Amino acid sequence: MGAYIIRRIGQAIIVLIGISIIAFLLLYAVPADPARIIAGPHATPQTVQQIRIDLGLNLPIWEQYLKYMGNLLQGNLGTSYIFHTSVMSQISGRMGPTAELALGCWIMELLIGIPLGIYTARHANKVRDVVISALALVGISLPVYWLGLILLIVFGFKIPIFPLGGTGGIYHLILPAITYGITGAAYYLRLLKSTMLDVMNQDYVRTARAKGASERRVIYRHVLRNALIPVITFAGIDIGTLLAGVVLIEETFNWNGMGMLAYQAIGNQDIPVIMGTVLLLAVFVVVFNLLVDIAYGFVDPRIRYD
Amino acid sequence: MSVSWKKGLATVASIGMVGVLLAGCGTNSTSTSNGSSPSTGSNSSSSKPIEGGSITVDSTQAVPDLDPAIAFDTTSAEVDESVYETLITYDKNTYTITPDLATSWDVSPDGKTYTFHLRQGVEFSNGDPMDASDFVYEFQRLLDKNMQPKPSPGSQFFMDIEGAQAFYDGKAKTISGVSAPDKNTLVIKLVKPEQFFLKVLAMPFASAVDPAFVKQVGNAAMDTTKAMGTGPFEVQTNNQNETVLVKNPHYWKKDSYGQQLPYLDKVTINVNNNSTVDALHWEQGQTAFMSPWLIGGDGIPTAQFPTIMNSPKYKNMVLKQDQNSIYYIGLNMKPVLNGKPNPLSNVKVRQAMEYAFDDSQFVKINNGAVLGLNQPLPSTMEGYVKNLDPSATYSLNISKAKQLLKEAGYSNGLTVDMWDENNDGAKKEDQAFQAMMKQIGINVVLHEVTWKDFLTKAMSGTAQVYQSGWVQDFPDASDFLDTLFNSDQIAAGNNMNNYSNPQVDQWLNQAEYSTDAAQRDKLYAQVINKVMSDAAWIPTIQNIGYYCVQSWVHGFYTSPVTYDPFGSIWVDPGHNS
């Protein structure tokens, strides 16, 4: 087990280094000249060159990368081109709101997805299953920025129950969480429904029924328990992805988290901030994947890491 | 001031573009939304202003730079004008230069020496006294190419000051042409007379800053979180979520009733990326006004434009102002481009494209919220030519366009590459342009890239056809014509279509340093006619800025040149936000 964990951590580090190289190449090696953008159109070539030197953009790309990684290991993600403050200081204030939003979205997905998954599994192939599954498909297909805006207009403006965007507590969290919940719940619904239908055909379920156990007991005690394993796995990976993927929700609801920071940085061509947010979001995804892998062993005793 | 793209794009209001509004020369062209009522130019009230209260406004962009030496974008300028002050400024909604920190000034007969007499008893918001040496210090910051975190993007505007180049090059420790003979006198000597020099000085770059404060906090903090000016407000908070301005207790200015300015205790600029939600905030009454300089360059977001403009409820709350920003399709004139012969080097091909262009389609795409344009100057700018020469005038004429292409030897058509930024507004216009050119057999291949990549490509002078724009730095024809058509601007990346005509260069250089206004107008008219008969650009549209101002907000006015007047706004009681 210990050797497995160490091996997985090693792999995760390699993945992160790979991501850093790709992101760096994409952002820094493009033919555009950040120095010219920063200096503005009236700047003299000397000024542009001075900025280039100050930012180290005159160095070969591999040297720039090593320098960046050297600084990164010391906790220095560079300085924002636009705001001249350290990228770390910009990111640090944004992690809390993003975690809050991701958690809210995640809970809403589960709250909508799991009961509907159970319901459709129990009523598989009936009209209500078909209707709910079709609606779920619509849910998956809805762009979050569109749905978010509609919810804002209806429940923030026309019937002003909730705030018109902004970062805050539960009150501010409800609309973005519902938006993401509607679009994300469908995955849980489909996953849980299919695994439950699978489990329902197992011998032990038939035995439970034969013993005269109530339908409720069969479903919740025998079927759901076993069917939840892949759902838990998916939920683990999902929270990592959510932490990295709430850019659109944050932008739509003006939620001042990491996603919004990344969005603004992209608009501003603020490369160090884009790089910093990309790396950190990649860390979230990789770490949660790693945790899920490790957790397998604890959740499902059939899995061994020898 | 700068190359710009427009409408709904964060970059517009972020980098490399300080926009300044513009109305008719010395007149007030602001009108209410239906355009029929006489213009008031302001949301004014005859009653006595009330002190106190606070307002909130939304901005789609955070304030990138607080330091007036560095700030070069509309959002930063919006704040800087309320925090810092310059020697002179503009009188409300006109082009008229009025005193600000200088009470008066003298210009020597040769037009080269300016002596400013400063207002006495002015203090920075920390109580430090302001004097002439503060301006000397600011000029040195403006011309310090090694300034950290970055040098001033405005240094080029001040290079005609005596000794500026030597100081910039590190060959002198002071700027010989800027001196403070005493605390209340500032003398600026120019190498050559510049008729528009006062307009250059009215830009926020040359603001009074407190040297002791700058040395204490450092340039980086000065630019991001700490500001110290003599203006009506001081910065309490500045981050990517909000900027909070509070009343400067040391402010010198009083209104005509003898009341201390500013009226408001606090202004909160709330950063909200989603312009549609910004408009909903305004409709709910949460924000005091929407302005083009805060809401993504539009004022009223495209989605809500028809609703707001057609609503009787908002009829008296909408103000509009023609802007000194123009857009155009540049036609690269270089004979060999990217290693291949360039058909656009043939004037007939360019003229054919002019005849095939229909600006009414661009106006339609923009909800009718812009004006058509037929020359490289906005209609509200002094120097605009009302009646262009016939050779410089183009109207939609497909058969003439085809004939010109035939004469140029392209009767079977040709293919050109067009570069633009990848955003919705640009896409619609590019596709319309593509369809227009298709009618005469010109196949336009679109390359829609990021703003950064677009700028790099266009400024290198290698984009064959491109869509771009220009927003004034200061209200003078030279800022458009000299910057965009002088051949010495090719290397600087401003003259992006490689327009080079020795005669035009001569006219431009002569006009740049002429002190005779009539002669300048004449020279600029010659330039415009020549450039248009050469079909260097296809001018497309001119922007109109739309403002939505709550009825409980008073003292608001739109300006030809300056930004939103937080310093003169007051609100009805009970409207704190």
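Please read these numbers as outputs of a predicted model, since none were measured by experiment.

**Re the overall build of chain B**
What chain B contains, in helices and strands, is 16 helices and 25 strands. Since a compact globule built from 577 residues should have a radius of gyration of about 25 Å, the 24 Å found for chain B is in line with a globular shape. The principal-axis extent of the C-alpha atoms belonging to chain B is close to 75 × 60 × 40 Å. Split into buried and exposed, the 577 residues of chain B put 63% on the buried side. Long-range pairs, those at least 24 residues apart, make up 73% of the contacts in chain B between residues at least 6 apart in sequence. Working note: accessible area of chain B is about 19,500 Å², and carbon and sulfur atoms make up 48% of it. Within chain B, the 60 negative side-chain charges are centred at a point lying 6 Å from the centre of the 41 positive side-chain charges.

**So, the interface of chain B and chain A**
In this complex, chain B contributes 51 residues to the contact, which on the side of chain A involves 43 residues. Around 3,900 Å² of area is buried between chain B and chain A when both sides are counted, 58% of it from carbon and sulfur atoms. Where chain B meets chain A, there are zero salt bridges. Our count for the contact surface shared by chain B and chain A stands at nine residue pairs in polar contact (both at pLDDT 80 or more). Mapped by element, the contributors of at least two residues to the side of chain B that touches chain A are β1 (2-3), α6 (219-224), α7 (275-283) and α13 (451-459) of chain B. The element best represented in the side of chain B that touches chain A is α13 of chain B, accounting for six residues.

**A word on the UniProt feature "transmembrane region" (unreviewed entry) in chain A**
All names here are of chain A. The sites that UniProt annotates as "transmembrane region" (unreviewed entry) are residues 12-30, 101-119, 131-157, 169-189, 227-249 and 273-299. For residues 131-157, helix accounts for 93% and strand for 0%, while the C-alpha atoms at its two ends are 30 Å apart. Taken as a whole, residues 169-189 contains 95% helix and 0% strand, while its terminal C-alpha atoms sit 28 Å from one another.

**Points about helix α12 (residues 258-268) of chain A**
All names here are of chain A. A large share of α12 lies buried, amounting to nine of its 11 residues. Regarding α12, the residues found buried are Met258, Gly259, Met260, Leu261, Ala262, Gln264, Ala265, Gly267 and Asn268. One or two steps after α12, the chain reaches glutamine 269, where phi turns positive at roughly 55°.

**Looking at the pairing of strand β19 (residues 414-421) of chain B**
Residue and element names in this part refer to chain B. Across the eight residues that make up β19, a large majority, six, are buried. In this structure, β19 lies alongside strand β20 (residues 442-449), joined through eight bridges in parallel fashion. By the bridge assignment, valine 416 is partnered in β20 with valine 444. Strand direction decides the pairing type here: β19 and strand β21 (residues 465-471), joined by two bridges, are parallel. Paired with tryptophan 419 across the bridge in β21 is tyrosine 466.

**Details of helix α3 (residues 45-55) of chain A**
Those residues of α3 of chain A that fall on the buried side of the exposure criterion are Thr47, Val48 and Ile51 of chain A. The buried residues of α3 of chain A all sit within an arc of 100° when viewed along its axis, so they share a single face.

**Examining the packing of helix α14 (residues 477-485) of chain B against helix α16 (residues 517-533) of chain B**
When two helices pack together, their arrangement is given by the angle between the helix axes and by the axis-to-axis distance. Residues and elements named next belong to chain B. Across the interface, α14 lies against α16 with an axial gap of 11 Å and an inter-helix angle of 40°. One finds that α14 runs oblique with respect to α16. The hand of the α14/α16 crossing is left-handed. When α14 is examined against α16, the residues Ala477, Ser478, Leu481 and Phe485 are found in contact with a partner set consisting of Arg520, Tyr524, Ile528 and Val531. Per-class residue counts for the contact of α14 with α16 are six nonpolar, one polar and one charged.

**Here's the deal with the packing of aromatic side chains**
Summed over all chains, the structure comprises 28 aromatic pairs over all chains. Three or more aromatic residues joined by ring pairs form one cluster here, namely Phe72, Phe139, Phe157, Phe158, Phe196, Phe205 and Phe474 of chain B.

**Observations regarding unusual backbone geometry**
For the peptide bond that leads from leucine 261 of chain B to proline 262 of chain B, omega is -5°, which places it in the cis range. Tracing the backbone through its elements, the reader meets proline 262 of chain B in the loop between β12 (242-247) and β13 (266-271). Phi is positive for asparagine 125 of chain A, close to 70°, though the residue is something other than glycine. In this structure, asparagine 125 of chain A sits in the loop between α5 (87-122) and α6 (127-141). In this structure, asparagine 254 of chain A is a non-glycine residue whose phi angle is positive, near 50°. Within the secondary structure layout, asparagine 254 of chain A lies in the loop between α11 (247-253) and α12. Judged by relative accessible area, which is 5%, asparagine 254 of chain A ranks as buried.

Scoring rules and cut-offs
- Residues numbered from 1 in each chain as written.
- Chains lettered and ligands numbered in written order.
- Predicted model: local features only at pLDDT ≥ 70, side-chain atom pairs only at ≥ 80, totals over all residues.
- Heavy atoms only, no water.
- Helix = DSSP H or I, 4+ residues; strand = E, 2+ residues; numbered from the N terminus.
- Rg over C-alpha atoms; globule rule 2.2 N^0.38 Å.
- Buried < 20%, exposed > 50% of the residue type's maximum accessible area, 1.4 Å probe, protein only.
- Contact = heavy atoms within 4.5 Å.
- Areas by Shrake-Rupley, 256 points an atom, 1.4 Å probe, with all protein chains shown as cover.
- Lys, Arg positive; Asp, Glu negative; His and termini not counted.
- Charge placed at Lys NZ, Arg CZ, Asp CG, Glu CD.
- Buried area = accessible area lost by both parts, 1.4 Å probe.
- Salt bridge = Lys/Arg side-chain N within 4 Å of Asp/Glu carboxyl O.
- Polar contact = N/O pair within 3.5 Å; in protein donor to acceptor, adjacent residues only side chain to side chain.
- UniProt positions renumbered as here; feature names shortened; annotations may be inferred.
- Pairing = 2+ DSSP bridges.
- Arc of directions from axis to C-beta.
- Axes fitted to C-alpha atoms, helices over the stretch in contact; angles between N-to-C directions.
- Parallel < 35°, antiparallel > 145°, perpendicular 65-115°, else oblique.
- Left-handed = near helix turned anticlockwise from the far one by under 90°.
- Nonpolar A, V, L, I, M, F, W, Y, C, P; charged D, E, K, R; others polar.
- Phe/Tyr/Trp six-rings, centres within 6.5 Å; stacked < 30°, edge-to-face > 60°.

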